[in-house]
Amino acid sequence: MERIPILRMGKLLLVTIQVDMHDRLAMTLQDDLTSRIVKDKAKGVLIDISALDIVDSFIGRMISNTASMARILDAKTVVVGMQPAVAITLVELGLALDGVITALNVERGIQMLEQHSDQ
Amino acid sequence: MSFEVQDTKHAPLKTDEDVVKMRKLVREEMTAMGFGLVDQTKIITAASELARNTLRYGGGGDGEILRISNGIKIGVELRFIDQGPGIEDLELALTDGYTSGGGLGLGLSGSKRLADEFEIDTAPGQGTTVTIRKWKML
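On a predicted model such as this, the values are computed, not experimentally measured, just so you know.

Participant: Would you explain the sheet that holds strand β3 (residues 74-82) of chain B in this entry?
Facilitator: Adjacent strands of a sheet form backbone hydrogen bonds with each other and so pair up, either parallel or antiparallel. Residue and element names in this part refer to chain B. The antiparallel open sheet is built from 5 strands, whose spatial order is β1-β2-β3-β5-β4. At either end of the open sheet lies a strand with only one pairing partner, and these are β1 (4-13) and β4 (117-122). Between one strand axis and the next, the sheet turns through 15° on average, direction left out of account. Two strands pair when backbone bridges link them, and β1 and strand β2 (residues 61-69) are joined in this way by 9 bridges, in the antiparallel orientation. By the bridge assignment, E4 is partnered in β2 with S69.

Okay, structure coming up:
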């Protein structure tokens, strides 16, 4: 089955979404990430969406839910690299991604997560 | 407003993968027509929402991508056609946050905001056709 790879870097999990995801693939990623947070005892999750041309309500919800599940599992999620056109569209669509922490790029995202995992 | 159709492309909407294919087709068409990135992103996102509705609530159907012109401007028209159960209470279905199927309830209302024009033709037992249009700024 098609899957999006999850990389481990110390206490962090890194995901770069590089394919145009269909809904089942998005759900698989959500399940895989929550399992890996527990298995790898991860303190942070970084989701890089810089290669995503669109984020619709389904993918937006998957990102929000993943962040909520991670929080319950004591891990912090940062979403990085959102394209400006995607941000404009998301807000107009009515999806503000409340509760999701974002950073402009991977470097800043990792900094935020490392501060959290050192605490 | 009257306009003529210059070209029509068909995209079946039967599986999750078909939704991805439709998004890709819309992007190709809008790029070829010279639409800007923000307009493309808005309409592809709307297409994704509406194609998913066709699949989830309409039991699958067909998408159409039309190149249109009103003599002054050109635009793109997308149609999402299903023979499903139809929508009983259209006003409710167009309300932000209302969902009959466990989604976020932003598909119809959000798509309406993302397009220039939005039309919906539905009746209980008669299926649903949603049409959106985006005109290109000159």
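Participant: I would appreciate a short explanation of the pairing of strand β4 (residues 76-80) of chain A in the present structure.
Facilitator: For a regular strand, side chains alternate in direction, first toward one face of the sheet and then toward the other. Residue and element names in this part refer to chain A. Of all 5 residues making up β4, 4 are buried, and the element is well covered by its neighbours. Note on the crossover from strand β3 (residues 44-48) through helix α2 (residues 57-72) to β4: the handedness is right-handed. Of the pairings in the sheet, the one linking β4 to strand β5 (residues 101-103) comprises 3 bridges and is parallel in character. Of the residues in β5, the one forming a bridge with V79 is T102. Note on the crossover from β4 through helix α3 (residues 84-93) to β5: the handedness is right-handed.

Participant: Would you explain the interface of chain B and chain A in this entry?
Facilitator: Think of interface size as the accessible area that goes away when the parts come together; that is how it is often given. Each side of the interface is counted separately: chain B has 23 residues, and chain A has 20 residues. At the boundary of chain B and chain A, one finds 9 salt bridges. Counting residues per element, the ones that place at least two in the side of chain B that touches chain A are α1 (16-33), α2 (37-56) and α4 (107-114) of chain B.

Participant: Can you help me understand the pattern of salt bridges in this one?
Facilitator: Where charged atoms from two side chains of opposite charge approach closely, those side chains can pair. In this structure the tally under the stated criterion is 27 salt bridges over all chains. Among the salt bridges present, the one from E17 of chain B reaches R24 of chain A, with a minimum N-O distance of 2.9 Å. Taken together, the positions of E17 of chain B in helix α1 and R24 of chain A in helix α1 (residues 23-39) put the pair across two chains. Given a relative accessible area of 30%, E17 of chain B falls into the partly exposed group. You can call R24 of chain A partly exposed: its relative accessible area is 46%. If you follow the salt bridges from partner to partner, you end up with D20, D23, R24 and D56 of chain A together with D16, E17, R23, E49, R52 and R56 of chain B in one network.

Reading the values: rules and limits
Residues numbered from 1 in each chain as written. Chains lettered and ligands numbered in written order. Predicted model: local features only at pLDDT ≥ 70, side-chain atom pairs only at ≥ 80, totals over all residues. Heavy atoms only, no water. Pairing = 2+ DSSP bridges. Helix = DSSP H or I, 4+ residues; strand = E, 2+ residues; numbered from the N terminus. Axes fitted to C-alpha atoms, helices over the stretch in contact; angles between N-to-C directions. Buried < 20%, exposed > 50% of the residue type's maximum accessible area, 1.4 Å probe, protein only. Right-handed = clockwise from strand over helix to strand, strands pointing away. Contact = heavy atoms within 4.5 Å. Salt bridge = Lys/Arg side-chain N within 4 Å of Asp/Glu carboxyl O.

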